[in-house]
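Next come the chains, spelled out residue by residue.
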Amino acid sequence: QVQVVESGGGLVQAGGFLRLSCAASGRIFRINHMGWYRQAPGKQRELVARITSDGNTNYADSVMGRFTISRDNAKNTVYLQMNSLKPEDTAVYYCNANVVHTTTLLFGDYWGQGTQVTVSS
């Protein structure tokens, strides 16, 4: 089994910052890519940022230059530093990990439970 747990959400004023963390644990042989997605009320879940095992990143246009994704492979952890937050960044943020299992060497996608980020104007 694999568990993915996010932390770090909260309420912040526009222009402020937050740092999200996500740790994966369990029967993990290797983690391929890890990423952050978000879902605002009434909208579909969208990719915010993603990072591969060797550090290549990609970002949604709406967060480029404001958010930074990073990871610590030794800790199976990914971070999202969010600066210059805007009210439109308000959403539930979900962590995703593409994990290769120790026993089967098959890979699968795992999601955290989500963490709420609210940006007030």
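First, a word on what this report is: a plain description of the structure on this page. (Residues numbered from 1 in each chain as written. Predicted model: local features only at pLDDT ≥ 70, side-chain atom pairs only at ≥ 80, totals over all residues. Heavy atoms only, no water.)

## A look at the overall build of the protein
Phase 1: Each helix and strand in the protein was counted, giving 0 helices and 11 strands.
Phase 2: Counting from the amino terminus, helix and strand elements in the protein follow one another as β-β-β-β-β-β-β-β-β-β-β.
Phase 3: In terms of its C-alpha atoms, the protein occupies a principal-axis envelope of roughly 50 × 25 × 20 Å.
Phase 4: Across the 121 residues of the protein, 41% fall into the buried class. (Helix = DSSP H or I, 4+ residues; strand = E, 2+ residues; numbered from the N terminus. Buried < 20%, exposed > 50% of the residue type's maximum accessible area, 1.4 Å probe, protein only.)

## Some details on the sheet that holds strand β1 (residues 2–7)
Phase 1: Read across the open sheet, the 4 strands follow the order β1-β3-β8-β7; overall the sheet is antiparallel. Taken across any chain shown, the strands that pair with only one partner, and hence form the sheet edges, are β1 and β7 (67–72). Within this sheet the neighbouring strands show an average axis-to-axis angle of 15°, counted without direction.
Phase 2: Summarising the sheet, strand β3 (residues 18–26) and strand β8 (residues 77–82) pair through 6 bridges and their orientation is antiparallel. Bridge pairing in β8 links C22 to V78. (Pairing = 2+ DSSP bridges. Axes fitted to C-alpha atoms, helices over the stretch in contact; angles between N-to-C directions.)

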